[in-house]
Amino acid sequence: QSTTLERFDVSQNRLYGTIPDFSPDSKMELFWLFLNQFDGTIPPSLTSLPNLTHLDLDFLSLYGTIPPFGGPNASLVQCYMASNQFSGNLGRILATLPTATLEIFDVNNNLITGEIPTMIGDFSQLQRLSLSVNRIRGTIPTEIGRLQSGLRMYYSDNLLVGTIPTEIGLLTAMEYFFVSRNNNINGTIPTEVGNMASLLSFGAIQNSLTGTLPTELANCSNLVSFGVSSNRIEGNLSEIIDFFQPAMFELFLGENILTGSIPTTIGRLIGLETLVIGENQIVGHLPSEIGQLTNFTAFLLANNSITGPLPSEIGQLTNLQQFAAQRNNFTGTLPSEMAQMTSLIILDVSENSLTGSPGVITELTTIVAVRFYDNPFDGVSEVCNGNLVGVQIAANYCDNIVFNCSCCTHCCEYNSDGQRNCPSITGSVL
């Protein structure tokens, strides 16, 4: 063993085996193995190296408990251990890390348990804390407000409960904050979020948040991604849309209790690529200003009560790949301008009141899957006479053929509970 070697980087290869023991006299400062095929456990002699500043063991096949680090006397600055099978109690692990020097601690996608300890606030230089996809319980401690250097916090896919602490407003340098999926965060989003002037992305999808979104979100002028789908948030969609800046590119508001209509001011969000507002209580018409969102790639508004025709301006969405408008009250015909939607892959307009012929679908050369059952179309002969070779089409009921559809690949039936069962289309995320 060499005791003079200071940097060892064999990352992104096809090496395998186990990590060897280290001499206590080792001068190792940087040790990177990420994206290889190493397995086994971490030798305690590695984490206790006094000069170690950068450790990267991401994307290996390591397991077992994470051994103690050198504590206050250690020099560790960056510690990456994501996507392994590490176990152990989070509080005990953090207690052995140096609070004065640590900037990055990433244990995403492991088997870490325990709670986020209050001593987390002692890490004065901590910029990134990545704890997602583990088994961490308890609440988010108010002490996170002391992490003044914090830029990124990832708590998604754990077992967290409680509220988002108001102290989040002290994190004025914070850029990314995520508590989405499999947690059970409740209460409201605190108004103090408006103090997070550097915030770029906020995610709290699939929790138990209630109340209305704070108007102070309008102060987050750098915000480009906001996700609170699958909660119990209330409020008027028209007012919420006005919180956000034109640079917003992802907005996830689906599966809540939002009311109102899609405002004409939606056209102001010219950077928007993804808008999810499905499964709310939205009414009114789809405004023609939707055609101004030419960066759109996904527009999901299913399961609402939107009425009126699809505006001809929808044809201006030439980058749109997924359009989910099923289970609304749209009327009129599919506009001929839809033929200009040259990127559309998945289209679902089922369970509306659309009439005429859906023949314009045959001009969508990129289409892979179509669902348009439960509409009083005149017929679908134009679709079946088109060139939709290999396209999955769901148009009819198995037990009640409304019109002949020789090219349909799916049909819908009722189960024993009287619920409609329409097979999902491969590749659909609708």
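Residues numbered from 1 in each chain as written. Predicted model: local features only at pLDDT ≥ 70, side-chain atom pairs only at ≥ 80, totals over all residues. Heavy atoms only, no water.

Draft legend 1. Looking closely at the overall build of the protein chain. On a plain count of helices and strands, the protein chain comes out with 4 helices and 33 strands. In the form shown here, the protein chain has an accessible surface area of approximately 17,700 Å², with 47% of it arising from carbon and sulfur atoms. (Helix = DSSP H or I, 4+ residues; strand = E, 2+ residues; numbered from the N terminus. Areas by Shrake-Rupley, 256 points an atom, 1.4 Å probe, with all protein chains shown as cover.)

Draft legend 2. Inspection of the packing of aromatic side chains at higher detail. A full pass over the atoms with the stated rule returns 12 aromatic pairs. Each ring, one from Phe202 and one from Phe226, has its centre 5.5 Å from the other, and the planes form 20°; the classification is stacked. With a gap of 24 residues between them, Phe202 in strand E17 (residues 201-203) and Phe226 in strand E19 (residues 225-227) connect regions that are remote in the sequence. Per residue, the accessibility class of Phe202 equals that of Phe226, and both read buried. Considering the side-chain rings of Phe372 and Phe377, the 5.7 Å spacing of their centres and the 70° angle between planes classify their relative orientation as edge-to-face. (Phe/Tyr/Trp six-rings, centres within 6.5 Å; stacked < 30°, edge-to-face > 60°. Buried < 20%, exposed > 50% of the residue type's maximum accessible area, 1.4 Å probe, protein only.)

Draft legend 3. Expanded view of the environment of Pro20. Position of Pro20 among the secondary structure elements: in the loop between strand E2 (16-17) and strand E3 (30-32). Pro20 sits in the partly exposed class, given a relative accessible area of 48%. When the C-alpha positions of Pro20 and Ile42 are compared, they lie 8.6 Å apart, and in sequence the two are 22 residues distant.

Draft legend 4. Looking closely at the side chain of Ser26. Relative to the elements of secondary structure, Ser26 occurs in the loop between E2 and E3. Overall, the relative accessible area of 3% leaves Ser26 in the buried class. Once residues lying within four places of it in the same chain are set aside, the contact partners of Ser26 are Thr3, Leu49 and Asn51. (Contact = heavy atoms within 4.5 Å.)

Draft legend 5. Molecular detail of the pairing of strand E27 (residues 329-332). Where strand E25 (residues 307-309) lies against E27, 3 bridges are found, and the strand directions are parallel. Looking at E27, one finds that Pro309 is bridged to Thr331. Judged from the 2 bridges that link them, E27 and strand E29 (residues 353-354) form a sheet pairing that is parallel. Paired with Thr331 across the strands is Ser353, a residue of E29. (Pairing = 2+ DSSP bridges.)

Draft legend 6. Summary view of the nonpolar core. If you look at the biggest cluster of nonpolar residues, it comprises 108 residues, and the most contacted ones within it are Phe105, Tyr155, Phe226, Phe299 and Phe323. Put simply, the parts of the chain that give this core at least two residues each are helix H2 (90-95) and helix H3 (237-241). Excluding anything up to four places from it in sequence, Tyr155 contacts Ile116, Leu129, Leu131, Ser132, Ile140, Ile144, Leu160, Phe177, Phe178, Val179 and Asn183. (Core = buried A, V, L, I, M, F, W, Y, C linked by side-chain atoms within 4.5 Å.)

Draft legend 7. Local environment of the sheet that holds E27. If you walk across this open sheet you meet the 3 strands as E25-E27-E29, and the pairing is parallel. Strand pairing shows two members of the sheet lacking a second neighbour, E25 and E29, which therefore form its edges.

Draft legend 8. Highlighting the pattern of salt bridges. In the structure shown here, the tally under the stated rule is 5 salt bridges. Linking Arg128 and Asp106 is a salt bridge whose minimum nitrogen-to-oxygen distance equals 3.0 Å. Of this pair, Arg128 sits in strand E11 (residues 128-130) while Asp106 sits in strand E9 (residues 104-106); the two residues are 22 residues apart in sequence, bridging distant segments of the chain. Looking at Asp106, the relative accessible area reads 3%, which means it is buried. Between Asp348 and Arg371 there is a salt bridge, with the nearest N and O atoms lying 3.6 Å from each other. Here Arg371 lies in strand E30 (residues 369-371) and Asp348 lies in strand E28 (residues 346-348), a separation of 23 residues in the sequence. For the pair Asp348 and Arg371, a shared accessibility class is recorded, and that class is buried. (Salt bridge = Lys/Arg side-chain N within 4 Å of Asp/Glu carboxyl O.)

Draft legend 9. View of the side chain of Asn352. Along the chain, Asn352 falls in the loop between E28 and E29. A polar side-chain atom of Asn352 sits 3.3 Å from the main-chain amide nitrogen of Asn328. Only 3.0 Å separates the side chain of Asn352 from the backbone nitrogen of Phe330, close enough to count as a polar contact. Not counting the four nearest positions on each side in its chain, Asn352 is found in contact with Ala325, Gln326, Arg327, Asn328, Asn329, Phe330, Asp374, Asn375 and Pro376. (Polar contact = N/O pair within 3.5 Å; in protein donor to acceptor, adjacent residues only side chain to side chain.)

Draft legend 10. A look at the pairing of strand E6 (residues 61-65). As defined by bridge partners, strand E4 (residues 37-40) adjoins E6 across 2 bridges and the pair is classed as parallel. When the bridges of E6 are listed, Asp39 appears paired with Ser61. As paired strands, E6 and strand E8 (residues 85-89) are joined by 3 bridges and run parallel to one another. In the strand pairing of E8, Thr65 is matched with Ser87.

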